[in-house]
Amino acid sequence: MAKGPLSLPKIILQDLWNHKWVLLLMLFVILNAVAVVYYSYASRKLTSEWDGLLQQRDQLDVEWRNLLLEEQSQTEHSRIIRIATKKLHMKRPLPNEEVVVKLP
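Here the structure is a predicted model, which is why all the values come from computation and not from measurement.

Parameters at a glance
Residues numbered from 1 in each chain as written. Predicted model: local features only at pLDDT ≥ 70, side-chain atom pairs only at ≥ 80, totals over all residues. Heavy atoms only, no water. Helix = DSSP H or I, 4+ residues; strand = E, 2+ residues; numbered from the N terminus. Rg over C-alpha atoms; globule rule 2.2 N^0.38 Å. Buried < 20%, exposed > 50% of the residue type's maximum accessible area, 1.4 Å probe, protein only. Areas by Shrake-Rupley, 256 points an atom, 1.4 Å probe, with all protein chains shown as cover. 1 Å grid on protein atoms, 1.4 Å probe; cavity = no way out; pocket = protein on both sides within 12 Å on 5 of 7 lines; lining within 4 Å. Points joined across faces, edges and corners; volume = space filled by probe spheres on them. Phe/Tyr/Trp six-rings, centres within 6.5 Å; stacked < 30°, edge-to-face > 60°. Lys NZ or Arg CZ within 6 Å of the ring centre and 35° of its normal. Salt bridge = Lys/Arg side-chain N within 4 Å of Asp/Glu carboxyl O.

**Student:** Hey, could you run me through the overall build of the protein in this one?
**Tutor:** A tally of regular secondary structure across the protein gives two helices and zero strands. The globule rule puts the C-alpha radius of gyration for 104 residues at 13 Å, and the 41 Å found for the protein is more than 25% above it. Here the C-alpha coordinates of the protein stretch approximately 130 × 35 × 20 Å along the principal axes. Of all 104 residues assigned to the protein, the portion counted as buried reaches 1%. Taken as a whole, the protein presents about 10,800 Å² of accessible surface, with 65% of it coming from carbon and sulfur.

Set out below in C-alpha cells:
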C-alpha cells in the first residue's frame with residue numbers, strides 16, 4: 001500500500017510528469033492560439049492601412065485631374081492674350097486711356 005496520504009497537488013504533478021507529451025501538446029496548442037490571434041490582428045491592421053492608402057491615392061488622383069484642368073484653362077488664357085497681342089496688335093489700355101461708362 002501507500003506510504004502515507006498524498007496531497008492532491010502532488011498527485012496532479014506526478015500525473016503531469018508521467019504524461020509529458022500531453023503537457024507539451026497543450027503548450028503547443030496555446031502557442032498556436034496566441035499566434036493566430038496576433039497574425040489576425042496584424043493582418044487587419046495592414047488591411048486598414050491599405051484601405052487608407054487607396055483612399056489617399058484616389059484623393060490625389062482627383063486633385064491631379066483638377067490641377068490638369070486648371071493648367072489647361074490657364075494656358076488657354078495665355079494663348080488668347082498672345083494671339084491678341086501678336087496677330088491683332090492689341091494691348092492693354094493705359095489708365096488715362098480708360099473710359100468708364102456708367103448706366104443711369
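**Student:** Got a minute to help me understand the layout of surface pockets in this structure?
**Tutor:** To find leftover empty space, one rolls a probe the size of a water molecule over the atoms. In this structure, the largest pocket occupies an estimated 160 Å³ of space. Taken together, Ile80, Ile81, Ala84, Thr85, Met90, Lys91 and Arg92 make up the full set of residues lining the largest pocket.

**Student:** Mind showing me how you'd approach the packing of aromatic side chains here?
**Tutor:** Each aromatic ring pair is specified by the distance between its two centres and by the angle formed by the two planes. Within the structure shown, the criterion is met by one aromatic pair. Seen from their ring centres, tyrosine 38 and tyrosine 39 are 5.1 Å apart, and the 75 degrees between their planes marks the pair as edge-to-face. Of the two residues, tyrosine 38 and tyrosine 39, neither departs from the other in class, the shared state being exposed. If you follow lysine 20 out to its NZ or CZ, it ends over the ring of tryptophan 17, 4.2 Å from the centre.

**Student:** Explain the pattern of salt bridges here, please?
**Tutor:** Any two side chains of opposite charge can pair, so long as their charged atoms come close to each other. The final tally for this structure, using the stated rule, is three salt bridges. Glutamate 76 is paired through a salt bridge with arginine 79; the nearest N and O atoms lie 3.6 Å apart. Taken together, the residues glutamate 76 and arginine 79, both in helix α2 (residues 20-86) and three residues apart, mark about one turn of the helix. We classify glutamate 76 as partly exposed; its relative accessible area is 40%.

**Student:** Just to check I follow, could you spell out unusual backbone geometry for this structure?
**Tutor:** One non-glycine residue, histidine 89, lies in the positive phi region at around 55 degrees. Relative to the helices and strands, histidine 89 resides in the segment after α2. On the accessibility criterion, histidine 89 (66% relative accessible area) is exposed.

Everything listed here is a matter of coordinates, which is why it stays silent on function.
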